[in-house]
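Reading the structure
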Amino acid sequence: MLLSKILGLFSNDLSIDLGTANTIVLVKGKGIVINEPSVVAVQTGKGGKKKLLAVGHEAKKMLGKTPGNIEAIRPLKEGVIADFEVTEKMIKYFIQKSHSRNSFIRPRIIICIPYGLTQVERKAVKESAMNAGARDVILVEEPKAAAIGAGLPIQDPKGNMVVDIGGGTTEIGVISLGGLVRSKSIRVGGDKFDQAIVDYVKKKFNLLIGDRTAEEVKIEIGTATVPEKEMKMTIKGRDQVTGLLKSLEISSKEVREAISEPLKEIAAAVKEILEIMPPDLASDIVENGIVLTGGGSLIRGLDSYLSKIVKLPVFVSEEPLLAVAKGTGRMLEEIELLQSISLND
Ligand SMILES: Nc1ncnc2c1ncn2[C@@H]1O[C@H](COP(=O)(O)OP(=O)(O)O)[C@@H](O)[C@H]1O
Ligand SMILES: [Mg+2]
């Protein structure tokens, strides 16, 4: 115990929010050192061996634009590990990039993972970090990290409800006394909004656009409820009939229509959790409301949209894209907090 305390003074312990869209790494005492897309570009050589070309921002620029033997991959796309080898490479890369080389002591690493990962996937994440030089790896559940990051008093004997809308998943959790009382993870998040926009534009305008364009449209003019002033944006794509490149205008009203299905799915999942809530915890939530975290919660009007459906107060946390990372970082600073809530596997 004493030895590990002394070791702790010299090592740069890390916390990692391993998101399906973005990975954020914090170094104890230093704050955020990496905030990059969870994307890896690999080149497949002879014999199927994969060589890492780029990770993060560099790799995201390549998504949808790669030639034959190069692939830009989002290894955690649907909230599951699609490619173990690439996931391992990405985790190792981020750890090595953030771990100070002149520190001779191996770091302790806390990793927040999508809640829906299977035991096999959790083990793979843990092993990747061990292989990258960790002396100890602790996995934490995303809804708890999100709730701590959003500043909720999760140790208190009352119901705290958080909905984290990430890229690949939406994770809903109700936490009391440091434990997850109710939780649910659905494979609907920002990516589904993007896909819904691609499909809508294809159907309505016969225009093919890429995922990146759809994401820009969503961020630029996406709304969940009618805004004070509707917005417009020009998009470029390929006309499915003529095969020619074409640009046209899309309105926020159309985008709202496009993303209405995934929005409904998120609302239905939140409702489902509320319906199975023990009454005493339900009364806390009626009083304190629901907190939204994750990049998906930045869609304009999403708080009032959900509030109207579930008839409860709904708030977006401060800096929702950083909530999970901040929560995981706090666990690094307050080890007792961590011990009371980490996953024991
Ligand atoms: N301003 C915004 N409006 C709507 N969606 C956004 C905005 N900013 C980011 N996003 C979306 O948030 C998602 C990423 O959120 P994040 O919490 O980082 O996900 P994850 O934890 O799964 O990595 C992406 O789908 C991205 O398009
Ligand atoms: Mg996340």
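Calculation rules
Residues numbered from 1 in each chain as written. Chains lettered and ligands numbered in written order. Predicted model: local features only at pLDDT ≥ 70, side-chain atom pairs only at ≥ 80, totals over all residues. Near = placed C-beta within 6 Å. Helix = DSSP H or I, 4+ residues; strand = E, 2+ residues; numbered from the N terminus. Nonpolar A, V, L, I, M, F, W, Y, C, P; charged D, E, K, R; others polar. Buried ≥ 20, exposed ≤ 12 C-beta atoms within 10 Å, placed from the backbone. Axes fitted to C-alpha atoms, helices over the stretch in contact; angles between N-to-C directions. Parallel < 35°, antiparallel > 145°, perpendicular 65-115°, else oblique. Left-handed = near helix turned anticlockwise from the far one by under 90°. Contact = placed C-beta atoms within 7 Å. Pairing = 2+ DSSP bridges.

**Remarks on the site of ligand 1**
Residues in contact with ligand 1 amount to 19 residues; listed here are only the nearest, Gly19, Gly166, Gly190, Gly295 and Leu298. Elements supplying a minimum of two residues to the shell around ligand 1: helix H6 (190-205) and helix H7 (211-221). Among the elements that take part in the shell around ligand 1, H7 stands out by supplying three residues, more than any other. Its residues assigned to classes, the shell around ligand 1 shows five nonpolar, eleven polar and three charged.

**A word on helix H12 (residues 323-333)**
Counting buried positions along H12 gives nine out of eleven residues, so the element sits mostly inside the fold. Listed as buried for H12 are Ala323, Val324, Ala325, Lys326, Gly327, Thr328, Gly329, Met331 and Leu332.

**A few points about the packing of helix H3 (residues 84-98) against helix H4 (residues 119-131)**
A pair of packed helices is characterised by two quantities: the angle between their axes and the separation of those axes. At their nearest, the axes of H3 and H4 sit 9 Å apart, and the two run at 45° to each other. In terms of orientation, H3 and H4 fall into the oblique class. In this structure, H3 crosses over H4, and the sense of that crossing is right-handed. Seen from H3, the contacting residues are Phe84, Thr87, Glu88, Ile91, Lys92 and Ile95; seen from H4, they are Ala124, Val125, Ser128, Ala129 and Asn131. Of the residues that constitute the contact of H3 with H4, the class distribution is six nonpolar, three polar and two charged.

**Some thoughts on the sheet that holds strand E8 (residues 136-141)**
Read from one edge to the other, the open sheet built from five strands follows the order E3-E2-E1-E7-E8, with strand pairing classed as mixed. The open sheet has two edge strands with one neighbour each: strand E3 (31-37) and E8. Averaged over all neighbouring strand pairs, the angle between strand axes comes to 15°, with direction disregarded. Relative to strand E7 (residues 108-113), strand E1 (residues 14-18) is paired through four bridges, and the arrangement is parallel. The residue of E7 that forms the bridge with Leu14 is Ile109. Across the sheet, H4 lies against E1, E7 and E8, angled at about 145° from E8, the strand it touches most. Sheet strands in contact with helix H5 (residues 142-149) are E7 and E8, and its direction is about 80° off that of E8.

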